[in-house]
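Residues per chain, in single letters:
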Amino acid sequence: MRNMIESTRPADTNRTVIVSATSKRVGQRPRRSWTVRSVWWSLVMALSSVVITTTTTFAITTVTGQTPSQTPGGPRVVAPTTSGATKTDATATGAGVASAEAATALVTEFEVNGLKVLVKRRAGSQTIVAGLFLRGGSRNITAENAGIEALMLDTATEASAKYPRERMRTELSRIGTSISYGINYDYSALTLGTTRVNFDRSWDIFTDVALRPAFTKEDVERVRNRLVVSLGDDKDVPDSYLQVLQSQVAYAGHPYLNNPQGTAATVGRLTPEDLRRYHQQMMQTSRLLLVVVGDLDAQQVRQRIAQTFGKLPRGDYRPPPLPPLAFNNPSVEVTPRGLPTNYIQGVFSAPALTSPDIHPMRIASTILQGRVLTEVRYRRNLSYAPNAFLESQGANIGGIYVTAVDANQSIRVMLAEIAHLQNDPVDKQDITSTVQHYLTKYYLGQETNAAQAGELAMYELIGGGWRNSLDFIDRLRGVTPEEVQRVARTYMRNIRFVVIGDPARVDKNIFLSQTLEDRTLKFD
């Protein structure tokens, strides 16, 4: 539901990038975020305010070192075996298979009237997380109603038919429960975080919010105004505005061009009746996925679902095909701004989570991240936070990012490091150490029920099935130096740059000069 394999902008150097998104905890002002894993983040938020009551009372803490946890992964493709594999490699692979099988046994999968449900049991866990995921994301909306799904979910958490606003807040505070939402380009979610002892009461509130939101005129107006203000200040923060500009360039002609958060203009004209119609349209079991993680019996969960979500109409929703992103030529767009530094980001098309190439691409992106940090920051002191990142989207991208006074030299160095990766095979030990480092980060990031729920949902919705979330470490271990070089040459090209800064200090020829043969750095 978000790490060294995929990292984002400098403010979130330990996180994976995903899409523009918003998450909210009831009673808390929502904040705009450009991490793609906002749905994962909403699950974290759902747990962050939960209080467990046993003999003592203590707050649940959440791991934020990895975002979206974006834990990488891909299809269940058997990793290639090489004659050079060591006994240690074989032992690790065998242990990984056993671990994946054990993890699979913890997940129960079933359907209720067309609603796909995943229940993962974590014995002894004192918290429970549930996420009702809406399929489609940007494909559900148009340029005219962009933001309607975000506004619908946000307003739904304000009040329901059975629980008016004040009563809901009183009840949620009394039992230490949080209801949140999150949205990204591929799907959205209404999320619940609660304690095991208060699950029954919390489930009643959660299902009423999901199925019978009030959408009162006052609630809609208040939430809408809040979102409009948030959306209207994007240009005030260079990093946020950079993402807006990058989306316009990267997603031109693609469904992702319809930002699921909308714009101040589109959100500002939505009405309560618009939200009611959209809610009715979305509440079909064929459009939904329910994921529950905690110490619960799957059969008891099935009974609760049959009495609530199972009564929804089935519908016949099938998400329209999502075209991959393809950049045939490099480009650079400069937006003038009187700033002491230039903000720069360039993206390239990347393999989807369902592609076998996603595994070597994660390794390649991580290695590139380390190299640009070394060359741009440590050796040349050109920027404090240069970065390379890889998203986790249905139509995927990766890229590079830097803020620098000397934009030309910084980009020249970063492109040269890409060329090194494309032309010079990496050492096998570099891959091994990258996987081991990522393994530590991954397990730390999977400590919470929220992270595990987000991971299962992401792979079920855009990663070829939830089982693929359990064995990607073995797939990473199977990556070879030749594969890393191949994906670098295949994907890290035709980079689409956006720059906010001084046009007079940006030499477009440098940004557009990438070739696979550029293997050395030359400075005047």
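Each chain has its residues counted from 1, following the order in which its sequence is written. Given that this is a predicted model, residues contribute local features only at a pLDDT of at least 70 and side-chain atom pairs are listed and counted only at 80 or more, while totals for whole chains, interfaces and linings are drawn from all residues. Remark: hydrogens and water are excluded; side-chain values derive from all non-hydrogen atoms of the structure.

## Remarks on the sheet that holds strand β15 (residues 496-501)
Here comes step 1: Strand order in the open sheet formed by five strands is β11-β15-β12-β14-β13, and the pairing between neighbours is mixed. Each edge of the open sheet is held by one strand with a lone partner, namely β11 (331-336) and β13 (387-390). Within the sheet, the average angular offset between the axes of one strand and its neighbour, ignoring direction, is 15°.
Here comes step 2: Whether two strands pair comes down to DSSP finding at least two bridges between them. Helical segments are the DSSP runs of H or I of at least four residues, strand segments are the runs of E of at least two, and each set is numbered from the N terminus. Of the strand pairs in this sheet, β11 and β15 are connected by six bridges, and their pairing is parallel. Whenever a helix is involved, its axis is fitted only over the stretch in contact; in every case the axis is a line through C-alpha atoms, and angles between N-to-C directions fall within 0 to 180 degrees.

## Section: the pattern of salt bridges
Here comes step 1: Any Lys or Arg side-chain nitrogen located within 4 Å of an Asp or Glu carboxyl oxygen qualifies as a salt bridge. In total, this model carries 27 salt bridges according to the counting rule given.
Here comes step 2: Note that Glu158 and Arg169 form a salt bridge whose closest N and O atoms lie 3.3 Å from each other. Of this pair, Glu158 sits in the loop between α3 (148-156) and α4 (165-175) while Arg169 sits in helix α4, and the two are eleven residues apart along the sequence. Like Arg169, Glu158 is buried.
Here comes step 3: Via salt bridges that share partners, Asp154, Glu158, Arg165, Glu166, Arg169, Asp219, Arg222 and Arg226 belong to a single interconnected network. Burial classes follow relative accessibility: with a 1.4 Å probe on protein chains only, a residue under 20% of its type's maximum area counts as buried, one over 50% as exposed, and anything between as partly exposed.

## Regarding the environment of Asp424
Here comes step 1: With respect to the helices and strands, Asp424 occurs in the loop between α12 (407-423) and α13 (428-445).
Here comes step 2: Sequence-wise, Asp424 and Pro481 are 57 residues apart; in three dimensions their C-alpha atoms are separated by 9.3 Å.

## Side note on the packing of α3 against helix α9 (residues 272-282)
Here comes step 1: Where α3 meets α9, the closest approach of the two axes is 10 Å, and the angle between their N-to-C directions is 95°. By the angle between their directions, the pair α3 and α9 is classed as roughly perpendicular. For the pair α3 and α9, the contacting residues are Ile148, Glu149, Leu151, Met152 and Thr155 in the first and Asp274, Leu275, Tyr278, His279 and Met282 in the second.
Here comes step 2: Residue composition of the contact of α3 with α9, grouped by class: six nonpolar, two polar and two charged. Put simply, angles under 35 degrees are roughly parallel, angles over 145 are roughly antiparallel, angles from 65 to 115 are roughly perpendicular, and the rest are oblique. Pairs of residues are marked as contacts when any of their non-hydrogen atoms sit within 4.5 Å. Each residue gets one of three labels, nonpolar for Ala, Val, Leu, Ile, Met, Phe, Trp, Tyr, Cys and Pro, charged for Asp, Glu, Lys and Arg, and polar for the others, Gly among them.

## Some points on α9
Here comes step 1: Among the residues of α9, those classed as buried are Pro272, Asp274, Leu275, Tyr278, His279 and Met282. Projected down its long axis, α9 shows its buried positions confined to an angular sector of 150°, all on one face. By construction, the arc corresponds to the directions joining the helix axis to the C-beta atoms.

## Quick notes on the nonpolar core
Here comes step 1: In this text, buried Ala, Val, Leu, Ile, Met, Phe, Trp, Tyr and Cys residues form a nonpolar core when linked through side-chain atoms within 4.5 Å. Residues Val291, Leu421, Met492, Phe497 and Phe511 are the most contacted members of the largest nonpolar core, which totals 63 residues.
Here comes step 2: With eight residues, helix α11 (residues 358-379) is the largest single contributor of residues to this core.
Here comes step 3: Not counting the four nearest positions on each side in its chain, Phe511 is found in contact with Val332, Ile344, Ala407, Asn408, Ile411, Leu415, Phe497, Val499 and Val506.
Here comes step 4: Among the nonpolar cores identified, the runner-up in size contains 53 residues, and Val119, Ile148, Ile183 and Phe199 belong to it.

Bear in mind that shape data such as this cannot, by itself, settle questions of function.
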